Amino acid sequence: MTTETIVNWGGQKIRLRWHAAKKISEAEKVTSVHGYCFYEGKVALVHVEGRGFNVPGGHVENGETAEEALHREMLEEAYVTGAAQYIGAVEVDHTDNPDFLEGGPYPKIGYQLFYRVDIRECLPFLRENETLSRIWVEPEELPYVMDDHELGLLILEESLNTEPIK
(Lines give C-alpha, C1' and ligand atoms only; values in the text may rest on other atoms or scores of the structure.)
Protein backbone atom coordinates (compact mmCIF):
# COMPACT_ATOMS: atom_id res chain seq x y z
CA MET A 1 0.00 0.00 0.00
CA THR A 2 1.36 3.43 -0.95
CA THR A 3 -0.32 6.70 -0.06
CA GLU A 4 1.02 10.16 -0.73
CA THR A 5 0.54 13.82 0.06
CA ILE A 6 2.28 17.11 -0.65
CA VAL A 7 3.37 19.23 2.31
CA ASN A 8 4.81 22.69 2.73
CA TRP A 9 7.91 22.43 4.92
CA GLY A 10 9.58 25.77 5.49
CA GLY A 11 8.08 27.21 2.31
CA GLN A 12 9.21 24.24 0.22
CA LYS A 13 6.88 21.86 -1.62
CA ILE A 14 7.75 18.27 -0.67
CA ARG A 15 6.02 15.06 -1.82
CA LEU A 16 5.62 12.38 0.88
CA ARG A 17 4.78 8.74 0.15
CA TRP A 18 4.02 6.09 2.79
CA HIS A 19 5.43 2.62 2.13
CA ALA A 20 4.25 0.01 4.64
CA ALA A 21 6.98 -2.53 5.49
CA LYS A 22 9.34 -1.26 2.75
CA LYS A 23 12.92 -2.07 3.67
CA ILE A 24 15.42 0.73 3.07
CA SER A 25 18.87 -0.69 2.36
CA GLU A 26 20.75 2.53 1.62
CA ALA A 27 21.63 3.98 5.04
CA GLU A 28 22.64 7.35 3.57
CA LYS A 29 19.06 7.88 2.38
CA VAL A 30 17.61 7.49 5.91
CA THR A 31 17.10 11.01 7.23
CA SER A 32 15.22 10.29 10.46
CA VAL A 33 13.53 7.68 12.63
CA HIS A 34 10.24 7.92 14.58
CA GLY A 35 8.37 5.72 17.04
CA TYR A 36 4.70 5.30 17.84
CA CYS A 37 5.31 4.42 21.49
CA PHE A 38 2.55 2.51 23.31
CA TYR A 39 2.13 2.31 27.07
CA GLU A 40 -1.00 0.98 28.77
CA GLY A 41 -3.01 1.45 25.56
CA LYS A 42 -1.96 5.07 25.02
CA VAL A 43 0.54 6.70 22.66
CA ALA A 44 3.36 8.94 23.88
CA LEU A 45 3.51 12.35 22.23
CA VAL A 46 6.25 14.86 22.91
CA HIS A 47 6.22 18.62 22.43
CA VAL A 48 9.49 19.67 20.86
CA GLU A 49 9.94 23.42 20.71
CA GLY A 50 8.89 24.71 17.28
CA ARG A 51 7.34 21.38 16.19
CA GLY A 52 4.26 20.97 18.40
CA PHE A 53 3.11 17.54 19.60
CA ASN A 54 4.38 14.55 17.69
CA VAL A 55 5.80 11.07 18.20
CA PRO A 56 9.41 10.86 19.45
CA GLY A 57 12.03 10.80 16.74
CA GLY A 58 14.90 12.55 15.04
CA HIS A 59 17.99 12.32 12.88
CA VAL A 60 20.34 9.38 12.71
CA GLU A 61 23.80 10.42 13.90
CA ASN A 62 27.07 9.27 12.31
CA GLY A 63 27.92 5.72 13.34
CA GLU A 64 24.38 4.88 14.52
CA THR A 65 22.04 2.33 13.06
CA ALA A 66 18.47 3.47 12.52
CA GLU A 67 17.26 1.41 15.48
CA GLU A 68 20.02 2.77 17.75
CA ALA A 69 18.96 6.30 16.77
CA LEU A 70 15.33 5.47 17.53
CA HIS A 71 16.17 4.23 21.03
CA ARG A 72 18.36 7.30 21.69
CA GLU A 73 15.62 9.68 20.50
CA MET A 74 12.95 7.89 22.58
CA LEU A 75 15.09 8.29 25.67
CA GLU A 76 16.09 11.91 24.94
CA GLU A 77 12.62 13.14 23.98
CA ALA A 78 10.11 10.93 25.82
CA TYR A 79 12.22 9.34 28.58
CA VAL A 80 11.06 5.84 27.64
CA THR A 81 12.69 2.58 26.62
CA GLY A 82 11.10 -0.34 24.85
CA ALA A 83 11.01 -2.97 22.14
CA ALA A 84 10.74 -1.66 18.57
CA GLN A 85 9.31 -3.21 15.41
CA TYR A 86 9.84 -1.60 12.02
CA ILE A 87 6.54 -0.81 10.27
CA GLY A 88 7.48 1.24 7.20
CA ALA A 89 8.92 4.37 5.68
CA VAL A 90 7.85 7.76 4.43
CA GLU A 91 9.65 8.64 1.23
CA VAL A 92 10.55 12.34 1.25
CA ASP A 93 10.80 13.45 -2.40
CA HIS A 94 12.26 16.85 -3.30
CA THR A 95 12.02 16.26 -7.08
CA ASP A 96 9.37 19.00 -7.53
CA ASN A 97 11.04 21.37 -5.06
CA PRO A 98 12.65 24.20 -7.07
CA ASP A 99 14.60 25.30 -3.98
CA PHE A 100 16.20 21.90 -3.37
CA LEU A 101 19.92 22.26 -2.70
CA GLU A 102 21.96 19.57 -4.47
CA GLY A 103 24.78 18.47 -2.18
CA GLY A 104 22.92 19.88 0.84
CA PRO A 105 22.15 18.07 4.07
CA TYR A 106 19.32 15.94 2.61
CA PRO A 107 19.15 13.59 -0.38
CA LYS A 108 16.76 14.42 -3.22
CA ILE A 109 14.82 11.31 -2.20
CA GLY A 110 15.23 10.26 1.42
CA TYR A 111 13.34 8.18 3.95
CA GLN A 112 11.92 8.62 7.42
CA LEU A 113 11.66 5.22 9.13
CA PHE A 114 8.76 4.42 11.46
CA TYR A 115 8.47 1.87 14.26
CA ARG A 116 5.89 0.55 16.67
CA VAL A 117 7.40 0.63 20.15
CA ASP A 118 6.07 -1.24 23.16
CA ILE A 119 7.36 0.69 26.15
CA ARG A 120 9.09 -1.38 28.80
CA GLU A 121 10.19 1.45 31.07
CA CYS A 122 8.73 4.91 31.55
CA LEU A 123 11.24 7.16 33.32
CA PRO A 124 10.59 10.48 35.06
CA PHE A 125 10.29 13.31 32.53
CA LEU A 126 13.24 15.63 33.26
CA ARG A 127 13.17 18.18 30.38
CA GLU A 128 16.94 17.87 29.91
CA ASN A 129 16.81 17.99 26.12
CA GLU A 130 14.71 19.83 23.52
CA THR A 131 11.38 18.39 24.65
CA LEU A 132 9.02 20.68 26.58
CA SER A 133 6.47 18.06 27.62
CA ARG A 134 5.31 14.45 27.27
CA ILE A 135 1.66 13.43 27.17
CA TRP A 136 -0.23 10.15 26.84
CA VAL A 137 -3.02 10.11 24.28
CA GLU A 138 -5.70 7.58 23.42
CA PRO A 139 -5.05 6.49 19.81
CA GLU A 140 -8.45 7.79 18.62
CA GLU A 141 -7.58 11.25 20.00
CA LEU A 142 -4.33 11.62 18.02
CA PRO A 143 -5.94 13.47 15.08
CA TYR A 144 -6.94 16.25 17.48
CA VAL A 145 -3.59 16.52 19.27
CA MET A 146 -0.75 15.55 16.94
CA ASP A 147 0.82 18.26 14.75
CA ASP A 148 1.64 16.27 11.64
CA HIS A 149 0.72 15.65 8.02
CA GLU A 150 -2.16 13.36 7.08
CA LEU A 151 0.12 10.33 6.63
CA GLY A 152 0.66 10.33 10.40
CA LEU A 153 -2.76 8.79 10.92
CA LEU A 154 -2.11 6.12 8.30
CA ILE A 155 1.13 5.26 10.12
CA LEU A 156 -0.78 5.17 13.42
CA GLU A 157 -3.19 2.63 11.89
CA GLU A 158 -0.25 0.54 10.71
CA SER A 159 1.25 0.60 14.22
CA LEU A 160 -2.10 -0.36 15.78
CA ASN A 161 -2.36 -3.30 13.37
CA THR A 162 1.11 -4.54 14.34
CA GLU A 163 1.15 -7.16 17.09
CA PRO A 164 2.76 -5.90 20.32
CA ILE A 165 6.08 -7.42 21.27
CA LYS A 166 5.66 -9.67 24.30
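Further up the page is the structure itself.
Residues numbered from 1 in each chain as written. Predicted model: local features only at pLDDT ≥ 70, side-chain atom pairs only at ≥ 80, totals over all residues. Heavy atoms only, no water.

1. Description of the pairing of strand β8 (residues 109-122)
Across the 14 residues of β8, 10 count as buried, placing the element largely inside the fold. Judged from the eight bridges that link them, strand β3 (residues 30-39) and β8 form a sheet pairing that is parallel. Bridge pairing in β8 places Ser32 opposite Gln112. By the bridge criterion, 13 bridges tie strand β7 (residues 80-93) to β8 in an arrangement that is antiparallel. Looking across to β8, one finds that Tyr86 is bridged to Tyr115. (Buried < 20%, exposed > 50% of the residue type's maximum accessible area, 1.4 Å probe, protein only. Helix = DSSP H or I, 4+ residues; strand = E, 2+ residues; numbered from the N terminus. Pairing = 2+ DSSP bridges.)

2. Some points on the packing of aromatic side chains
Following the criterion strictly, the structure yields five aromatic pairs and no others. Between Trp18 and Phe114 the ring centres are 6.1 Å apart and the planes differ by 75°, which places this aromatic pair in the edge-to-face class. Residue Trp18 is located in strand β2 (residues 12-20), and its partner Phe114 is located in strand β8; the two are separated by 96 residues in the primary sequence. This pair shows no difference in class: Trp18 is buried, exactly as Phe114 is. Judged by centre distance (6.3 Å) and plane angle (45°), the rings of Tyr36 and Phe114 are tilted. On the criterion of sequence distance, the pair formed by Tyr36 in strand β3 and Phe114 in strand β8 is long-range, its members being 78 residues apart. Assigned by exposure class, Tyr36 and Phe114 land together as buried. The structure contains a cluster of three or more aromatic residues connected by ring pairs, namely Trp18, Tyr36 and Phe114. (Phe/Tyr/Trp six-rings, centres within 6.5 Å; stacked < 30°, edge-to-face > 60°.)

3. Observations regarding the nonpolar core
If you look at the biggest cluster of nonpolar residues, it comprises 20 residues, and the most contacted ones within it are Tyr36, Val90 and Leu142. Looking at this core, the elements that each hand over two or more residues are β2, β3, β4 (42-48), β7 and α3 (151-160). Those residues in contact with Leu142, other than ones at most four positions away along the chain, are Tyr36, Val43, Leu45, Val137 and Leu156. Counting residues in hydrophobic clusters, the runner-up holds 19 residues, among them Cys37, Val46, Leu70 and Ala89. (Core = buried A, V, L, I, M, F, W, Y, C linked by side-chain atoms within 4.5 Å. Contact = heavy atoms within 4.5 Å.)

4. Concerning the environment of Ser159
Looking at the secondary structure, you find Ser159 in helix α3. Residues Ser159 and Lys108 lie 51 residues apart in sequence; the distance between their C-alpha atoms is 27 Å. The contacts of Ser159, once residues within four sequence positions are left out, are Tyr36, Phe38, Ile87 and Arg116. Among the polar contacts listed, one links the side chain of Ser159 to the backbone oxygen of Leu156, at a separation of 2.6 Å. (Polar contact = N/O pair within 3.5 Å; in protein donor to acceptor, adjacent residues only side chain to side chain.)

5. A word on unusual backbone geometry
Of note in this structure, Glu40 is not a glycine but carries a positive phi near 55°. Tracing the chain through its elements places Glu40 in the loop between β3 and β4. Backbone geometry at Arg127 places phi at a positive 55°, although glycine is not the residue there. With respect to the element layout, Arg127 can be found in the loop between β8 and β9 (131-137). You can call Arg127 exposed: its relative accessible area is 52%.

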